[in-house]
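Coordinate analysis (summary)
Here is what each chain is made of, one letter per residue.
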Amino acid sequence: QKIQTSDTCLYFGKSLAMYDNRIIVGTTGNHTDSTGTDTGNHDWAGVAYIFELVGDTWTELTLKLKASNAHTSADFGSTVDINDKYAIVGSYREDTDLSGNFQDAMGTVYVFELANGIWGTLNNGTIYNETKKLKASNAFNIGSNSGFNFGNSVSLSGNTVLVGSWKDSCNAAGTEVTNSKTGS
């Protein structure tokens, strides 16, 4: 079966992961803000979709995972993973440091926790925002240089999130292991 979204978007399938009877699909070419409104100002903000196997058919859930701080060129959905309790979505070009200051391509990983059939925090009917945002522990303002690209790769096992950051401050590969519940 070909899996498709009901939305119009670009780069559907940029990233994907499967766990049991669920598939998460990232697309970086969605032009909506954090509430799902197509403003035209959020090009490449990105979105992720979850599909579940119902009988023999993969069915799109009537929800979208979206960053609460969606912005132009964040590439939310460039990396994804899912298990029975969490979905994680990388946004390696998200532009804030640990203090919330602008820093080009610092990166963020968004955690969506499944509770009572809801992934994360309901925003407006069909949009869900993250339960938690994960940043590199050394994500401080590094001046005019481009950021770390935290979230350019992600992996999930139980409560543990593994995050790649290929542009670490010493220009070497960086990896951070974080507990999705505590953020540490």
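Keep in mind the model is a prediction, meaning the values are calculated, not measured. (Residues numbered from 1 in each chain as written. Predicted model: local features only at pLDDT ≥ 70, side-chain atom pairs only at ≥ 80, totals over all residues. Heavy atoms only, no water.)

A look at the overall build of the chain
Tallying secondary structure elements over the chain gives zero helices and 15 strands in all. Here the contacts in the chain between residues at least 6 apart in sequence split such that 52% fall between residues at least 24 apart. Carbon and sulfur atoms provide 47% of the accessible area of the chain, an area that totals close to 8500 Å². (Helix = DSSP H or I, 4+ residues; strand = E, 2+ residues; numbered from the N terminus. Contact = heavy atoms within 4.5 Å. Areas by Shrake-Rupley, 256 points an atom, 1.4 Å probe, with all protein chains shown as cover.)

Regarding the nonpolar core
Of all hydrophobic cores here, the largest spans 18 residues; its most connected members are I24, I50, L65, A87, V89, F112 and W119. Broken down by element, this core gets its largest block of residues, three residues, from strand β8 (residues 108-115). Ignoring anything within four residues of it in the chain, the contact list for L65 reads I24, V47, A48, I50, F76, A87, V89, F112, W119 and Y128. Counting residues in hydrophobic clusters, the runner-up holds 13 residues, among them I88, F148, F150 and L156. (Core = buried A, V, L, I, M, F, W, Y, C linked by side-chain atoms within 4.5 Å. Buried < 20%, exposed > 50% of the residue type's maximum accessible area, 1.4 Å probe, protein only.)

Structural notes on the pattern of salt bridges
Across all of its chains, the model carries three salt bridges by this definition. A salt bridge links E52 to R22; its shortest N-O distance comes to 3.1 Å. With E52 in strand β3 (residues 47-54) and R22 in strand β2 (residues 22-27), this pair connects stretches of sequence that are 30 residues apart. Residue classification places E52 among the partly exposed residues on the basis of a relative accessible area of 21%. (Salt bridge = Lys/Arg side-chain N within 4 Å of Asp/Glu carboxyl O.)

Focus on the confidence of the model for the chain
When pLDDT is averaged along the chain, the result is 78; 71% of the residues meet or exceed 70. Mean pLDDT per element in the chain: strand β15 (residues 174-179) is the minimum at 52, and strand β6 (residues 79-82) is the maximum at 96. Contacts of residues 170-175 to residues separated by more than four positions or lying in other chains number 10 contacts, the stretch itself having pLDDT below 50. (pLDDT = per-residue confidence, 0-100.)

Overview of the side chain of N83
Looking at the element boundaries, N83 is found in the loop between β6 and β7 (86-91). For N83, the side chain forms a polar contact with the main-chain nitrogen of K85, separated by 2.8 Å. Within the local environment of N83, its side chain forms a polar contact with the backbone oxygen of G158, the two atoms lying 3.0 Å apart. Beyond its immediate stretch of four places on either side in the chain, N83 contacts Y19, R22, W119, L156, S157 and G158. (Polar contact = N/O pair within 3.5 Å; in protein donor to acceptor, adjacent residues only side chain to side chain.)

Comments concerning unusual backbone geometry
Residue D20 is not a glycine yet carries a positive backbone phi of 50°. By secondary structure assignment, the location of D20 is in the loop between β1 (15-19) and β2. One non-glycine residue, N116, lies in the positive phi region at around 55°. Of the residues examined, N116 reaches a relative accessible area of 81% and is grouped as exposed.

Structural notes on the pairing of β1
In this sheet, β2 lies alongside β1 in antiparallel orientation, the contact comprising five bridges. Note that in β2 the partner of A17 across the bridge is I24. Hairpin connection from β1 to β2: two residues lie between these consecutive antiparallel strands, with D20 at a positive phi of about 50°. (Pairing = 2+ DSSP bridges.)

Some thoughts on the packing of aromatic side chains
Per the counting criterion, the structure on display carries four aromatic pairs. Both rings, one in F12 and one in Y49, keep their centres 5.8 Å apart while their planes meet at 65°; by these two values the pair is edge-to-face. One end of the pair, F12, is in the segment before β1; the other, Y49, is in strand β3, and 37 residues separate them in sequence. Among the residues examined, F12 registers a relative accessible area of 27% and is labelled partly exposed. Put simply, the rings of F12, Y49 and F51 pair up and form one aromatic cluster. (Phe/Tyr/Trp six-rings, centres within 6.5 Å; stacked < 30°, edge-to-face > 60°.)

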